[in-house]
Amino acid sequence: MTRSPTPLAAIVLAAGKGTRMKSQKAKVLHEVGGRPLAWFPLLRALELGANPVVAVVGHQAEAVEAALAAALPGAPLRFAVQREQLGTAHAVLAAREALGAYDGPIVILSGDTPLLTAETLAHVVGARAGATLALATMKLANPHGYGRIVRDPAGNPARVVEEKDANEAERAIDEVNAGLYCAEAAFLWDALSKVGSANAQAEFYLTDLVAMAARAGGAVAVPVPPEEASGVNDREELARAGRVLLRRRASELMRGGVTIEDPERFDCDEGVEIGADTVIEPNVRLKGRTRVGAGCRLGAGAILTDATLGDGVTVKPYTVVDESTVAARAILGPFSRLRPGSEIGEEAHVGNFVETKKARLGKGAKANHLTYLGDATVGAGANVGAGTITCNYDGEKKHPTVIGEGAFIGSDSILVAPIEIGAGAYVAAGSTLTDSVPPGALALGRAKQVTKEGWVARRQAEKQNKGAAEAAPPPAPGEGPRGGRAS
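### Looking at the overall build of the chain
Thinking step 1. Looking only at helices and strands, the chain features 11 helices and 41 strands.
Thinking step 2. Relative to the globule expectation of 23 Å for 487 residues, the C-alpha radius of gyration of the chain, 35 Å, shows a markedly less compact shape.
Thinking step 3. Summarising its shape, the C-alpha atoms of the chain cover approximately 125 × 75 × 40 Å along the three principal directions.
Thinking step 4. Buried positions account for 47% of the 487 residues belonging to the chain.

### Structural notes on the side chain of Ser336
Thinking step 1. Within the secondary structure layout, Ser336 lies in the loop between strand 24 (331–332) and strand 25 (337–338).
Thinking step 2. For Ser336, the side chain forms a polar contact with the main-chain nitrogen of Gly333, separated by 2.9 Å.
Thinking step 3. Polar contacts involving the side chain of Ser336 include one to the main-chain carbonyl oxygen of Gly351, which spans 2.4 Å.
Thinking step 4. With residues up to four places along the chain from it excluded, the contact list for Ser336 reads Tyr318, Thr319, Val320, Val350, Gly351, Asn352, Phe353 and Val354.

### Description of helix 5 (residues 118–127)
Thinking step 1. Along helix 5, the positions that sit buried rather than exposed are Ala118, Thr120, Leu121, Val124 and Val125. In a view along the axis of helix 5, the buried residues occupy a sector of 165 degrees, so they form one face of it.
Thinking step 2. Each element contacted by the buried residues of helix 5 is listed here: helix 1 (39–47), strand 6 (105–110), strand 7 (133–139), strand 10 (175–184), strand 11 (219–223) and helix 9 (226–229).

### So, the sheet that holds strand 29 (residues 360–361)
Thinking step 1. Taken together, nine strands build an open sheet; the order of strands is 14-17-20-23-26-29-32-35-38 and the sheet is parallel. A strand with exactly one partner marks an edge of an open sheet, and here the two such strands are strand 14 (273–274) and strand 38 (419–421).
Thinking step 2. Two strands pair when backbone bridges link them, and strand 20 (residues 308–309) and strand 23 (residues 325–326) are joined in this way by two bridges, in the parallel orientation. Bridge pairing links Thr308 to Thr325 in strand 23.

### Some details on the packing of aromatic side chains
Thinking step 1. All told, the structure shown has four aromatic pairs when counted by the stated rule.
Thinking step 2. For the ring pair Phe335 and Phe353, a centre distance of 5.2 Å and an interplane angle of 5 degrees mean the geometry is stacked. With Phe335 in the loop between strand 24 and strand 25 and Phe353 in the loop between strand 27 (349–352) and strand 28 (355–357), this pair connects stretches of sequence that are 18 residues apart.
Thinking step 3. Centroid distance Phe408 to Tyr426: 5.2 Å. Interplanar angle 25 degrees. Geometry classified as stacked. Of this pair, Phe408 sits in strand 36 (residues 408–409) while Tyr426 sits in strand 39 (residues 426–427), and the two are 18 residues apart along the sequence.
Thinking step 4. Since its relative accessible area comes to 34%, Phe408 is described here as partly exposed.
Thinking step 5. The rings of Tyr318, Phe335 and Phe353 are connected pair by pair, giving a single aromatic cluster.
Thinking step 6. A cation over a ring is seen here: Arg35 above Trp39, with NZ or CZ 5.1 Å from the ring centre.
Thinking step 7. Of note, Lys398 hangs over the ring of Tyr393, and the distance from its end group to the ring centre comes to 5.5 Å.

### Section: the confidence of the model for the chain
Thinking step 1. This prediction gives the chain a mean pLDDT of 94; 96% of its residues lie at or above 70.
Thinking step 2. For residues 482–487, every residue scores under 50 in pLDDT, and the model assigns this stretch four contacts once sequence neighbours within four places are set aside.

### A short note on the pairing of strand 30 (residues 366–369)
Thinking step 1. For strand 27 and strand 30, the ladder comprises three bridges, and the chain directions are parallel. The residue bridging Asn352 from the neighbouring strand is His369, located in strand 30.
Thinking step 2. Here strand 30 pairs with strand 33 (residues 383–384) via two bridges, running parallel. Bridge pairing in strand 33 links Ala367 to Val384.

### Looking at the environment of Leu99
Thinking step 1. Along the chain, Leu99 turns up in helix 4 (residues 96–99).
Thinking step 2. A relative accessible area of 3% means that Leu99 is categorised as buried.
Thinking step 3. Residues Leu99 and Ala10, spaced 89 residues apart in sequence, show a C-alpha to C-alpha distance of 9.1 Å.
Thinking step 4. Sequence-distant contacts of Leu99, that is, excluding residues within four places in its chain, are made with Ala9, Ile11, Pro52, Val54, Arg78, Ile106 and Trp189.

### Here we look at the pairing of strand 27
Thinking step 1. Examined bridge by bridge, strand 24 and strand 27 share two bridges and lie parallel to one another. What sits directly across from Leu332, in strand 27, is Val350.

### Let's talk about unusual backbone geometry
Thinking step 1. With omega at 10 degrees, the peptide bond leading from Asn51 into Pro52 counts as cis.
Thinking step 2. With respect to the helices and strands, Pro52 occurs in the loop between helix 1 and strand 4 (53–57).
Thinking step 3. The omega torsion of the bond from Ala417 to Pro418 falls at 0 degrees, within 30 degrees of zero and hence cis.
Thinking step 4. Looking at the secondary structure, you find Pro418 in the loop between strand 37 (414–416) and strand 38.
Thinking step 5. Phi at Tyr318 is positive, roughly 60 degrees, even though this residue is not glycine.
Thinking step 6. Within the secondary structure, Tyr318 sits in the loop between strand 21 (314–315) and strand 22 (320–322).
Thinking step 7. Judged by its relative accessible area of 46%, Tyr318 is partly exposed.

### Topic: the pattern of salt bridges
A side chain of one charge can pair with a side chain of the opposite charge if their charged atoms are brought near each other.
Thinking step 1. Scanning the model with the defined rule gives 23 salt bridges in all.
Thinking step 2. Taking the shortest distance from any N to any O, the salt bridge between Arg285 and Asp267 comes out at 3.4 Å. Here Arg285 is found in strand 16 (residues 284–287), whereas its partner Asp267 is found in strand 13 (residues 266–268), with 18 residues between them in sequence.
Thinking step 3. On the accessibility criterion, Arg285 (22% relative accessible area) is partly exposed.
Thinking step 4. Its relative accessible area of 29% is what places Asp267 among the partly exposed residues.
Thinking step 5. As a salt-bridge pair, Arg291 and Glu273 come within 3.5 Å of each other at their nearest N and O atoms. Of this pair, Arg291 sits in strand 17 (residues 291–292) while Glu273 sits in strand 14, placing them 18 residues apart in sequence.

What counts and what doesn't
- Residues numbered from 1 in each chain as written.
- Predicted model: local features only at pLDDT ≥ 70, side-chain atom pairs only at ≥ 80, totals over all residues.
- Heavy atoms only, no water.
- Helix = DSSP H or I, 4+ residues; strand = E, 2+ residues; numbered from the N terminus.
- Rg over C-alpha atoms; globule rule 2.2 N^0.38 Å.
- Buried < 20%, exposed > 50% of the residue type's maximum accessible area, 1.4 Å probe, protein only.
- Polar contact = N/O pair within 3.5 Å; in protein donor to acceptor, adjacent residues only side chain to side chain.
- Contact = heavy atoms within 4.5 Å.
- Arc of directions from axis to C-beta.
- Pairing = 2+ DSSP bridges.
- Phe/Tyr/Trp six-rings, centres within 6.5 Å; stacked < 30°, edge-to-face > 60°.
- Lys NZ or Arg CZ within 6 Å of the ring centre and 35° of its normal.
- pLDDT = per-residue confidence, 0-100.
- Salt bridge = Lys/Arg side-chain N within 4 Å of Asp/Glu carboxyl O.

Next comes the structure, spelled out in structure tokens:
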């Protein structure tokens, strides 16, 4: 994106509660594409080279400020608080102190427009040349709720009339205000100081700037796509915006060489990176700061959060990877779970129903079935059999398990940490070990086996005899236990 050739500052209005969201959370904190709503217009302004960028916060100000600062670390971001919700003009005035002595052009954006593109924003900013004010407009088949653009006889914007203040003829206008403006600071602050609240909502309307600009150097209307400028006001609109963003992301990724088998069933947060020749099956979910290398395959239903995958990794269906690193050509799943802190080495295998937590598997190590590896280090080439458990927690502290290179852990083994299995050692299947095993040794930790021949037949006979006794009728009255008369 080409940056603005002149100095530019931005104000993003993010103070509203958003009552139509029916939520305890401020509207701009609701996420789409893994980012708060206000992140998107802030990023667009930054991409255009705006510095500083002021976010005007109000409802849940501290939470909004913290979320946006965390989402845009290192950005020239400043915050201003609108302590009373007195209208959009009042909100912009709240940003004046944060802008300090800045006296160049200022672009004003709404905090609930995640679909605005940097190209459209640049078009609006560039159109202001020679005019006092540039404002974005759009045409809607149903303009209900929007301010209408009233033009003068020459066809220039003369004013904006809000729906509640409009007459019948004005309400029939289909060109509406999109809530995006650009003006010089000197005009902006002077005009805002003159805005009154004599209107149906008793608010200070930012749209009053249009009439003031028309009487000064003129206002220019810049048509923009309704999809980009329409704000998010409820949960349905939030979901629709999310789908649009996902379509854009899918198109961008496919143009970069990624195969997405079904873009309608693809879910990817903003900022996720995917290498060329990677194949993504339906219903994959990629979240947070996930990075996927080239030539990978992500199976259906896989969920990756803040994961890093090297080149050529295979993630089989329904595998979950959280805050973990997977090196080149490793194979995961199906139905594996990598919990935070796991590091899977090159060509290692983590198979079905295997769970890892803070576990490090060396090159070519394998744990293919039904295993838990917690706080464990597994050396290169080691093989961990089905049903193995590292008992890393004693109720108070976590303890490490170390399995050396080339070691073989038999199925159904229990390794009670802290414990170390030496390189090349063997652990017999069904063993419970509490002591470390030297390199190259064989360890057996089984209970003594006892075999009782004929036990099944004897047990069955006992059960049959007991059943027959229970089924026999009780003795008749007056008869003894042998059927005789009682004495």
